[in-house]
Amino acid sequence: MSTTRRCVCPGSYDPVTLGHVDVIERASKLYDEVVVAVLFNPDKVGMFTPQERVELLQDELAHLSGVRVVTFADRLLVDVCNEMGIAAIVKGLRGETDYSYELPMAVMNRHLSGVETLFMPGDPAYTQVSSSLIKEVARFGGDVRGLVSDRVLAALRSRIGGSGS
Ligand code: PNS
């Protein structure tokens, strides 16, 4: 039986922010292996394709060993967990709104499969950072430097077509 302690950090990652990177870095100190799962609904168009999201994540996380990025369409997270021998879901919480959003999913996932969800307090430096807010601010020319990496900033700029800063 494998003794590898493995967790999953799931999300849409459209695109990855420095808040996500912080949570994944901290999870990688606690687990032998972190599976970063990009889960998407093929009927929902994001700003970045799943493959682009994976590539941005791979770039961001290249400095971490024991972290791999995978993508799944139309799958229950718990089925991915069972298939990959993942014992825990790790999610960052920025505040009460995140908790209200995450709690029903955590309870449902445990009901479905017994997989536990562990919540990690987000770094206060990134409390205001979400992928959707980043996209909205960048779309209207707001400055998102310091909240996403330079690579993601460049990807936002090229997607939006303007300065994005
Ligand atoms: O980036 P997000 O919006 O926080 O990600 C949410 C995500 C993708 C982790 C969540 O919607 C999810 O787990 N989707 C996979 C499908 C699934 O298992 N749904 C039931 C959740 S109880």
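For the structure itself, consult the block above.
Reference entry: report on the structure contained in this document. Note that this is a predicted model, so its numbers are computed, not measured.

Right, let's talk about the nonpolar core for a bit. Ile24, Val34, Val36, Leu57, Leu61 and Leu156 are the most contacted members of the largest nonpolar core, which has 35 residues in total. Elements with a minimum of two residues in this core: β1 (6-11), α1 (18-30), β2 (33-40), α2 (50-60), β3 (67-73), β4 (88-93), α5 (131-139) and α6 (150-160). Ignoring anything within four residues of it in the chain, the contact list for Leu57 reads Tyr13, Val16, Ile24, Val36, Val38 and Val69. Listed in part, the 13 residues of the second largest apolar core include Leu39, Phe72, Cys81 and Val115.

Glancing now at the site of the ligand. Around the ligand sit Pro10, Gly11, Ser12, Leu39, Arg75, Leu76, Leu77, Lys91, Tyr101, Met105, Met108 and Asn109, and those are all the residues in its vicinity. Here an oxygen atom of the ligand and a backbone polar atom of Leu77 are 2.8 Å apart. Lys91 places a side-chain nitrogen or oxygen 3.3 Å from an oxygen atom of the ligand. Relative to its free-state accessible area of 550 Å², the ligand is covered by the protein chains to the extent of 71%. Of all elements in the fold, only β1 and α4 (96-113) reach the threshold of two or more residues within the shell around the ligand. Considering every element that reaches the shell around the ligand, the biggest residue donor is α4, with four residues. Residue composition of the shell around the ligand, by class: seven nonpolar, three polar and two charged.

Quick notes on the rules
Here the residue index of a chain counts from 1 through its sequence in written order. Side-chain atom pairs in this predicted model are given and counted only at pLDDT of 80 or more, local residue features only at pLDDT of at least 70, and totals for whole chains, interfaces and linings cover all residues. To obtain the side-chain values, all non-hydrogen atoms of the structure were used and water was disregarded. For the purposes of this section, nonpolar cores are sets of buried Ala, Val, Leu, Ile, Met, Phe, Trp, Tyr and Cys residues that join through side-chain atoms within 4.5 Å. Only protein chains enter the accessibility calculation, which uses a 1.4 Å probe; a residue is then buried when its area is under 20% of its type maximum, exposed when over 50%, and partly exposed in between. Secondary structure elements follow DSSP: runs of H or I no shorter than four residues count as helices, runs of E no shorter than two count as strands, and numbering proceeds from the N terminus. In what follows, a contact means two residues having at least one pair of non-hydrogen atoms within 4.5 Å. For this description, a residue counts as near a given molecule or strand if any of its non-hydrogen atoms is within 4 Å of it. Two N or O atoms count as a polar contact when they lie within 3.5 Å, although within protein this holds only if one can serve as hydrogen donor and the other as acceptor, and sequence-adjacent residues are included solely when both atoms are side-chain atoms. For accessible areas, the Shrake-Rupley method is used with a probe of radius 1.4 Å. Any residue's cover is judged against the shown protein chains and nothing else. Residues are grouped as follows: nonpolar covers Ala, Val, Leu, Ile, Met, Phe, Trp, Tyr, Cys and Pro; charged covers Asp, Glu, Lys and Arg; every other residue, Gly included, is treated as polar.

Without other data, these values stay purely geometric and don't point to any function.
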